[in-house]
Amino acid sequence: MPIKSPFFPRTSQLCTSMYWKEWAGYHAVSSYGTLHDVEYFAFRYSAGLLDITPLFKYKITGTDSASFLSRVMVRDISQLKIGRVTYCCWCNEDGKVVDDGTVMRRGENEFFVTSADPCFSWFSRFTRGYDVEVNDISDQIAGLAVQGPTSRDILKKFCDVDLDSLKFFSTTSAKVKDFEIYISRTGYTGDLGYELWIENENALTLWDLIMDYGKSYDLRPAGLAALDVTRVEAGLILKDVDYYNALHTLIEDRMSSPYEISLGWTVNLERDPFNGQAALKAEKQAGSNWAIVGLDIDWVEIEELYNRHGLPPEVGSTAWRDSIPIYVDSSMNKQIGYATSGTWSPILKKNIALATIEKKYDQIDSKLQIEVTVEHKRHTVTATVSKPQFYNPERKTSNPVKS
Amino acid sequence: MNDKYDIIVIGGGHNGLTAATKLAKNGKKVAVIEKRQALGGIAAGEEFHPGYKSTGLIHDTSTIRMSVVKSLNLKDFGLNIEEKRPNTTILGSSGECIELSDNIEETCQEISKYSNKDAEAYKDYRSFIASIRPFVDGLMNEMPPDLIKLGTKDLWTLLKKAIGLKRLGNKTMLEFLKVAPMSVADFINERFETEFLKAGLVAPAIYHSYTGPWSSYSTLNLLLWECASANSIIGGPQALVTALEKAAIAVNVDILTNCGAKQVLLDDNNEVMGVLLADDKVVQAPIVASSCTPLVTFYDLLKPNQIEYSLEHSIKHYRSRGTAVKVNLALNKALSLNGLSNIEYARTGNSIDEMEKSFDFVKYRKFSVTPILDIHVPSVSSPELAPENHCVVSVIAHFASHELEGGWSEDPKKVFGQNVIQTLEQYSPGISNSVVGMEVLSPQDLEERYGLANGQVYHGEHAVDQILTRPIPSCMRYSTPISGLYLCGSGSHPGGGITCMPGALGSEAILKNR
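This brings us to the overall build of chain A. In terms of regular secondary structure, chain A is built from 9 helices and 19 strands. The C-alpha radius of gyration of chain A comes to 22 Å, within 12% of the 22 Å expected for a compact globule of 403 residues. In terms of overall dimensions, chain A has a C-alpha envelope of 65 × 50 × 50 Å along the principal axes. A separation of at least 24 residues holds for 67% of the contacts in chain A among residues at least 6 apart in sequence.

Okay, structure coming up:
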């Protein structure tokens, strides 16, 4: 029986479509209405409110928490300043990714970590010799994402902190009414946005506040279907879709290193030993086998294909996550990778995808072929290689200029 | 002391000294660093009561390998070895005595006082041991083959082992394969009928192991010991240490005592670059050979992030539970056991089932009320260890849990010491009145004094898995996943006891790899 998030009394009232998904054991709204597009446009043009309680959450405390996290994570967490957040992944000793998430430094010796998979047991493996305590606070803390251009203005209405100064990937505590919340300027939409962390008992009060103040800013509750479109546009990978947890795969081929899933930039290689360091150093030297790239799928060719069958072009309204073969050329003789997720991007008016391809084919602007099935027949159309990040508005990272 | 060496050996016990000397003989510049003031580790003699000295933590020098003695010319450095195992008396609780000696005929005569059948069985037993000895010695005195690379040489080694097994002859081969995995109780019960004799025979199989006579595979422990036990060092373990020290100095090994290692230092590539000493001095060396226990080597001498989880996990689950307490007694007169004086080595046990019951206590974090005693009276052959006409009795008493319920404070040590004396009273009535000094070393004391993890004297239990891939598969050929770090202590093949073999084979591995 799936778990109900603390926001369930509200979300269940609002979810008139009855479109629910299972997310980490929770009931999670896929889309509140029968179509998700309104929610998508809220993310991009006003603000969307998303229940992110199902994320796993850990509080790491103790005088060695920074060095402990530096040992576990591929990133040197000891360099993270108080009040800052970082995104990174963590690896097994073979340098294969176990999970990814954010690490927030709330104090000299206090960190908050989010993850997609349960990681308590994994983190606890590495505590020997460290003065550190790993606390799984997943079911004590609720999470809400407020994402979109008007998100800052909404939160400013009822938070006592200077959000105009809160930088991208920074975090702060804030007082709301008579309780405290944590706000981090993070999110999974690739837009201006915040994630709010709150004790369960105050969760509904916070929801109601946001909904009330959000009305005049066109805030809407949004579900995972809309989120999925935004995260593909932003080029943000998803565990179990674009890569697999190395602890859960049955075969080695399904494991990935950070370099192979576009997270090489999160790796700080030259420092004290951390999990996977030796393997990652070796891979850095020898080169990786795979790369995640963005693909811009040629719309005119798709139109032509459908036209041949006397059909108008069809494209799913929601993001997809099937594995689609990628070829070197239209003969389909040589497969060099596979797309893992994709979507029609309403804001870019492009048909885009994230794909894992052999590293040697990852040059930007090079042309590959992606399989398209029309009228039960397999064809290919041209897909142009790009960075995974298709959409990156300036407001995501900027702060208002003070007058 | 220099600040740069080819190799630093951590620990100046018999294995550390053996490794260092072998390496130096091969032209390496070697330093041995020893935390304690005295060299020798568990082989070092100690004054435990004013005027009374022991000859080392463990008594048994019979498993010393002559190949090491010869290759290090230890006889030239004053080592006096009799190439026969010492006489050992098995004591029964009703005054019975059987003296086991190297002479099988004499021993059989002794046994026939109690049972003719057992005397015959003993003859067969000894001839079985003699026939498997070449094969077992071959296993224990060579480096384990590299089962991962499995090169031509390794295949050849395996083939030789297989041929060696076959050459035992079909009857012996099949018997060996049948009995090795058995419990030692089953094995001995199949052959003998006299209870106290059976107890005395199985005893070496359970010493220092988390094993009762009814534990499976315990026969293997017995066979390994029986095949190895063939010598006797005059003067006990301390005499070995004295000779090893001289041999080491003769080849210019720098021996540094009162010099603990705080940390093995690794460079940016996680390769050994030296040792940080307890006084924060750094000594450089590209190779470090640790004769410490695997747990100390990987947990205490390296930072937690320097070992991968899989290694940490294997080491964590390497079973290393101390089960014995050492009791040193100073007596104001000679010891007589079951009416006999001048006994140097003796064993008690009374019956296999009593031993098993004694073992039961450790499972529940307690200690035995009537412990099994491994008795050594070193002052019989070395009267200088005690004042004139007095004597030193060294007892290794099983079983006592290393994680005693309530902890090893002074009170339980006193109680256990009394249990030992009460047990001795059965064999030596009135002994309690002649005790003038007594030292009880709990597993916790052994850990503190000698760095033995959990007081495990063998640096890890002898159990079939921990014998075949000792200590763990990734370290079974003395090298470790840390480049430049080697093991050369009892935690490596062929295991604990005074053999000097882990030190010798560990140094061979270093010489081969570099």
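Picking up where we left off.
Our next topic: the overall build of chain B. Summing up its helical and strand segments, chain B has 18 helices and 21 strands in all. Against the globule reference of 24 Å for 514 residues, chain B gives a C-alpha radius of gyration of 22 Å, in line with a compact fold. With the principal axes as the frame, chain B shows a C-alpha extent of 65 × 55 × 45 Å. Looking at chain B as a whole, 60% of its 514 residues are labelled buried. Nonlocal contacts in chain B, meaning residues at least 24 apart in sequence, comprise 71% of its contacts between residues at least 6 apart. In the form shown here, chain B has an accessible surface area of approximately 19800 Å², with 50% of it arising from carbon and sulfur atoms. Computed over 49 positive and 58 negative side-chain charges, the inter-centroid distance for chain B is 5 Å.

The subject of this paragraph is the environment of B:Ser115. Residue and element names in this part refer to chain B. Among the secondary structure elements, Ser-115 is positioned in the loop between helix H3 (104-112) and helix H4 (116-140). A C-alpha to C-alpha distance of 9.0 Å links Ser-115 and Phe-192, two positions 77 residues apart in sequence. Discounting residues that sit within four places of it in the chain, Ser-115 has contacts with Glu-193 and Thr-194. Within polar-contact distance, the side chain of Ser-115 engages the side chain of Glu-193 at 2.8 Å.

Residues and elements named next belong to chain A. According to the domain assignment, chain A consists of domain 1 (8-55 + 138-222), domain 2 (57-106 + 257-286) and domain 3 (290-386). The gap between the C-alpha centroids of domain 1 and domain 3 is 33 Å. Counting from both sides, the interface comprises 6 residues of domain 1 and, opposite them, 6 residues of domain 3. Overall, the association of domain 1 and domain 3 removes approximately 440 Å² of surface from exposure, summing both partners, and the carbon and sulfur fraction of that is 64%. Linking domain 1 with domain 3 are 2 residue pairs in polar contact (both at pLDDT 80 or more). Looking at the side of domain 1 that touches domain 3, the element that brings in the most residues is helix H2 (residues 37-45), giving 4 residues. Residue composition of the side of domain 1 that touches domain 3, by class: 3 nonpolar, 1 polar and 2 charged.

The next thing to look at is the interface of chain B and chain A. In this assembly, 13 residues from chain B lie in contact with 11 residues from chain A. Contact between chain B and chain A buries roughly 1300 Å² in total, counting both sides, with carbon and sulfur atoms accounting for 41%. Here chain B and chain A share 1 salt bridge between them. Note that B:Glu312 and A:Arg128 form a salt bridge whose closest N and O atoms lie 3.2 Å from each other. For the pair chain B and chain A, the number of links is 8 residue pairs in polar contact (both at pLDDT 80 or more).

Residue and element names in this part refer to chain B. Here the domain parsing of chain B yields domain 1 (7-80 + 235-319 + 460-513), domain 2 (103-230) and domain 3 (324-401 + 405-441). Placing a centre on the C-alpha atoms of domain 2 and another on those of domain 3 gives a separation of 28 Å. Across the contact, 23 residues belong to domain 2 and 18 residues belong to domain 3. When the two sides are added together, the surface that domain 2 and domain 3 hide from each other amounts to roughly 1500 Å², 67% of it contributed by carbon and sulfur. In this structure, the connection of domain 2 to domain 3 is made through 0 salt bridges. Run the count over domain 2 and domain 3 and you get 6 residue pairs in polar contact (both at pLDDT 80 or more). Breaking the side of domain 2 that touches domain 3 down by element, the ones donating at least two residues are helix H7 (184-189) and helix H8 (195-206). With 10 residues, H8 is the largest single contributor of residues to the side of domain 2 that touches domain 3.

A separate point is the pattern of salt bridges. One pass over the structure, following the stated rule, counts 43 salt bridges over all chains. A salt bridge links B:Glu142 to B:Lys161; the nearest nitrogen and oxygen atoms lie 2.9 Å apart. With B:Glu142 in the loop between H4 and helix H5 (152-166) and B:Lys161 in helix H5, this residue pair connects regions lying 19 residues apart in the sequence. In this structure, B:Arg319 and B:Asp465 form a salt bridge, with 2.8 Å as the shortest nitrogen-oxygen distance. With a gap of 146 residues between them, B:Arg319 in the loop between helix H12 (309-316) and strand S14 (324-331) and B:Asp465 in helix H17 (residues 464-468) connect regions that are remote in the sequence. For B:Asp465, a relative accessible area of 36% translates into the label partly exposed. Via salt bridges that share partners, A:Arg44, A:Asp191, A:Glu233 and A:Arg395 belong to a single interconnected network.

Before going further, it helps to spend a moment on the packing of aromatic side chains. All names here are of chain A. Applying the stated criterion across every chain yields a total of 26 aromatic pairs over all chains. Look at Tyr-58 and Phe-123: their rings are 5.4 Å apart centre to centre, the planes differ by 85°, and that puts the pair in the edge-to-face class. Pair noted here: Tyr-58 is in strand S4 (residues 56-61) and Phe-123 is in helix H4 (residues 120-124), with a separation of 65 residues, a long-range link. Here Tyr-58 falls in the buried class, since its relative accessible area comes to 0%. Among the residues examined, Phe-123 registers a relative accessible area of 0% and is labelled buried. Here Phe-168 and Phe-169 contribute two aromatic rings whose centre-to-centre distance is 4.9 Å and whose plane-to-plane angle is 85°, an arrangement assigned as edge-to-face. The class of Phe-168 is partly exposed, set by a relative accessible area of 24%.

Here B:Leu302 is to be found in the loop between helix H11 (294-300) and H12. Put simply, B:Leu302 and B:Leu266 are 36 residues apart on the chain and 8.6 Å apart in space, counted from C-alpha to C-alpha.

Moving on, we come to the nonpolar core. Nonpolar side chains in soluble globular proteins generally cluster together in the buried interior. In this structure, A:Phe68, A:Met73 and A:Phe123 are the most contacted members of the largest nonpolar core, which totals 59 residues. With 6 residues, the single largest contributor to this core is strand S5 (residues 85-91) of chain A. Looking at which domains feed residues into this core, each of domain 1 (8-55 + 138-222) and domain 2 (57-106 + 257-286) of chain A gives three or more. If we skip the residues at most four places from it in the chain, A:Met73 touches A:Cys88, A:Cys89, A:Trp90, A:Val103, A:Val113, A:Phe123, A:Arg271 and A:Phe274. Residues B:Ala20, B:Ala247, B:Val457 and B:Ile510 belong to the second largest nonpolar core, which totals 51 residues.

With that out of the way, let us pick up the pairing of strand S10 (residues 261-266) of chain B. Bridging between S10(B) and strand S11 (residues 272-277) of chain B involves 5 bridges; their strand directions are antiparallel. If you follow B:Ala261 over to S11(B), its bridge partner there is B:Leu277.

On to the sheet that holds strand S2 (residues 30-33) of chain B, then. Residue and element names in this part refer to chain B. Strand order in the open sheet formed by 5 strands is S9-S2-S1-S13-S21, and the pairing between neighbours is parallel. A strand with exactly one partner marks an edge of an open sheet, and here the two such strands are strand S9 (254-256) and strand S21 (485-487). In this sheet, adjacent strand axes meet at a mean angle of 20° when their direction is disregarded. The sheet contact formed by strand S13 (residues 287-290) and S21 spans 3 bridges and is parallel.

About the thresholds
- Residues numbered from 1 in each chain as written.
- Chains lettered and ligands numbered in written order.
- Predicted model: local features only at pLDDT ≥ 70, side-chain atom pairs only at ≥ 80, totals over all residues.
- Heavy atoms only, no water.
- Helix = DSSP H or I, 4+ residues; strand = E, 2+ residues; numbered from the N terminus.
- Rg over C-alpha atoms; globule rule 2.2 N^0.38 Å.
- Contact = heavy atoms within 4.5 Å.
- Buried < 20%, exposed > 50% of the residue type's maximum accessible area, 1.4 Å probe, protein only.
- Areas by Shrake-Rupley, 256 points an atom, 1.4 Å probe, with all protein chains shown as cover.
- Lys, Arg positive; Asp, Glu negative; His and termini not counted.
- Charge placed at Lys NZ, Arg CZ, Asp CG, Glu CD.
- Polar contact = N/O pair within 3.5 Å; in protein donor to acceptor, adjacent residues only side chain to side chain.
- Domains from an automatic or database assignment.
- Buried area = accessible area lost by both parts, 1.4 Å probe.
- Nonpolar A, V, L, I, M, F, W, Y, C, P; charged D, E, K, R; others polar.
- Salt bridge = Lys/Arg side-chain N within 4 Å of Asp/Glu carboxyl O.
- Phe/Tyr/Trp six-rings, centres within 6.5 Å; stacked < 30°, edge-to-face > 60°.
- Core = buried A, V, L, I, M, F, W, Y, C linked by side-chain atoms within 4.5 Å.
- Pairing = 2+ DSSP bridges.
- Axes fitted to C-alpha atoms, helices over the stretch in contact; angles between N-to-C directions.

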